[in-house]
Amino acid sequence: KLIALAVAGLASTGAFAQSNVTVYGVADATFDVVKIAGDANNELGNTTRVSSNSSYIGFKGAEALGNGLTAVFQLESGVAFDGAGTNTLATSRDSFVGVAGGFGTVVLGNLTGPTRALGAAVDVNAGATGIGSNGALLGKLGNNLVNTTDANGSYTAGGSCARSSTCVSIFDNRWKNAIAYVSPTFAGLSATVAYVANENKTFHGQEPAANTRGYDAGLKYANGPIMAAVTYNAVSLGNAAKTDISDFRVGASYDFGMASIRGIFDRARADHFDGAGYTQNVFGLGGTFNVTPAGKIIGQFYYADDYKTNGKDAKDTGAKLFEIGYEHSLSKRTILKAVYAHLNNDKNASYDFGINAVGTNANVYGSPAGTAAAPLGNTIGGTLQGIQIGLRHSF
């Protein structure tokens, strides 16, 4: 299963006839061998680890209210079972309560917006997770827009990710303090609009200023083998510099039966950002091919162009991501998988894996920061390679 394809997937919960609760989740563990080479500190060597790739547990349910209305809820928590003391049941994943009917669905909570959902929809990995996932490059704007808002809904632009953490852009994280509307589907076409409330607003001119807020809108067509979508996500950080950031995406996929092809274009932008305006384009292409009824080859290639500062290229600030892998279904719920991922940074770039980061840009290796080419990040210029072998079980 793909992770939630926007909250649009919630509309199906209206089919429940009575109050009920379903327990569900995914246990996904791999043994990883990761190599870091060619960075500012030269060869860093290999490391091995066990990763619980975006594993989670959730509870969801619905109750028929009459007059065509259905109450829906979901509480979902990430589960990291590869290290002691790291597990909590905080509802860090898609968690909400809402109502569905002929008018569509309205939900409130911690939500996947249509921009994040589109990135996941075109990723070739089961669950859109692992070191080869496209979150390594999408929306990061020269690796300066990673991580998510804090518990109060505030966001500080930066490019630091800890080892074994999730290291995706703010646009590819879930939105806290959000409300969303999902339209009914007409001939395969549906729309989703989400608003992120400025719950963090600083009152009475207090400093530091904080007033992060935004919206995320998408239009999706899904009919038979065809999926196509366009999304736009705009966020005002509400800081003293009045920084505004945005992300525009167009993506599509086609399922031939034995094979599939998918592609995406992503353009991230920031205004009043470190005293300048920034833009960056990312292009991605992927596909799958069924070699047996139970097994398929997966592969994708993503290219992040050099970002531009006030319209001028910041040289050698791009990166390339390549992944090839194999997924074999042992049953309807259990997949055996093996992937190889290669992330090649230009000499002034510091991208890390989107899921299960290595931590190369978290200052843990003493890399230089604050250079002209990467004002908010670290200059690594290294190559990350990794192999993952493991099991994914859905329940």
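Residues numbered from 1 in each chain as written. Predicted model: local features only at pLDDT ≥ 70, side-chain atom pairs only at ≥ 80, totals over all residues. Heavy atoms only, no water.

> Please clarify how the overall build of the protein chain should be interpreted in this entry.
Of regular secondary structure, the protein chain possesses one helix and 19 strands. In the protein chain, which comprises 395 residues, the share counted as buried stands at 51%. When contacts within the protein chain are restricted to residue pairs at least 6 apart in sequence, long-range pairs at least 24 apart make up 61% of them. When the accessible surface of the protein chain is split by element, carbon and sulfur atoms take 60% of a total near 16900 Å². (Helix = DSSP H or I, 4+ residues; strand = E, 2+ residues; numbered from the N terminus. Buried < 20%, exposed > 50% of the residue type's maximum accessible area, 1.4 Å probe, protein only. Contact = heavy atoms within 4.5 Å. Areas by Shrake-Rupley, 256 points an atom, 1.4 Å probe, with all protein chains shown as cover.)

> Please explain unusual backbone geometry as it appears in this structure.
One can expect most non-glycine residues to show negative phi and most peptide bonds to be in trans. Of note in the backbone geometry, Leu141 takes a positive phi value of approximately 50° without being a glycine. Position of Leu141 among the secondary structure elements: in the loop between helix H1 (114-122) and strand E7 (175-182). Classification of Leu141 as buried rests on a relative accessible area of 0%. Of note in the backbone geometry, Ala187 takes a positive phi value of approximately 50° without being a glycine. By the element assignment, Ala187 lies in the loop between E7 and strand E8 (189-196).

> Got a minute to help me understand the side chain of Arg262 in this structure?
Mapped onto the elements of the fold, Arg262 is located in strand E12 (residues 259-273). For the buried Arg262, which has no salt bridge, the nearest side chain bearing the opposite charge is Asp255, at an N-O separation of 6.5 Å. Among the polar contacts made by the side chain of Arg262, one reaches the main-chain carbonyl oxygen of Asp123 at a distance of 3.1 Å. At 2.8 Å, the side chain of Arg262 forms a polar contact with the side chain of Ser260. (Lys, Arg positive; Asp, Glu negative; His and termini not counted. Salt bridge = Lys/Arg side-chain N within 4 Å of Asp/Glu carboxyl O. Polar contact = N/O pair within 3.5 Å; in protein donor to acceptor, adjacent residues only side chain to side chain.)

> Sorry if this is basic, but what is going on with the pairing of strand E11 (residues 244-255) here?
Side chains on a regular strand alternate between the two faces of the sheet. Note: strand E10 (residues 226-236) against E11, eleven bridges, orientation antiparallel. When the sheet's bridge partners are listed, Asn233 is paired in E11 with Asp247. When E11 meets E12, the two strands line up antiparallel, connected through twelve bridges. Opposite Phe248, over in E12, you have Arg267 as the bridge partner. Counted along the chain from E11 to the antiparallel partner E12, the turn is three residues long, and its residue Gly257 has a positive phi close to 105°. (Pairing = 2+ DSSP bridges.)

> For this particular structure, what's the right way to read the pairing of E12?
As paired elements, E12 and strand E13 (residues 276-290) share 13 bridges and run antiparallel to each other. By the bridge assignment, Gly263 is partnered in E13 with Leu285. Once E12 ends, the chain turns through two residues before running back antiparallel as E13, passing Asp274 with a positive phi of about 55°.

> Help me understand the confidence of the model for the protein chain in this model?
As a note on interpretation, predicted positions should not be read in detail where pLDDT is low. Averaged over all residues, the pLDDT of the protein chain is 86; the fraction at 70 or higher stands at 84%. In this model, residues 1-17 is a region of pLDDT below 50 whose contacts with residues beyond four sequence positions or in other chains number 43 contacts. Throughout residues 362-379 the model reports pLDDT below 50, and contacts reaching past four residues in sequence, or to other chains, amount to 49 contacts. (pLDDT = per-residue confidence, 0-100.)

> What is the right way to look at the packing of aromatic side chains in this model?
For any pair of aromatic rings, geometry is given as the distance between the ring centres together with the angle between the planes. What the rule picks out here adds up to six aromatic pairs. Chaining the aromatic ring pairs together yields one cluster made of Phe273, Tyr278 and Tyr307. Directly above the aromatic system of Tyr24 lies the positively charged group of Lys60, at a separation of 5.0 Å from the ring centroid. (Phe/Tyr/Trp six-rings, centres within 6.5 Å; stacked < 30°, edge-to-face > 60°. Lys NZ or Arg CZ within 6 Å of the ring centre and 35° of its normal.)

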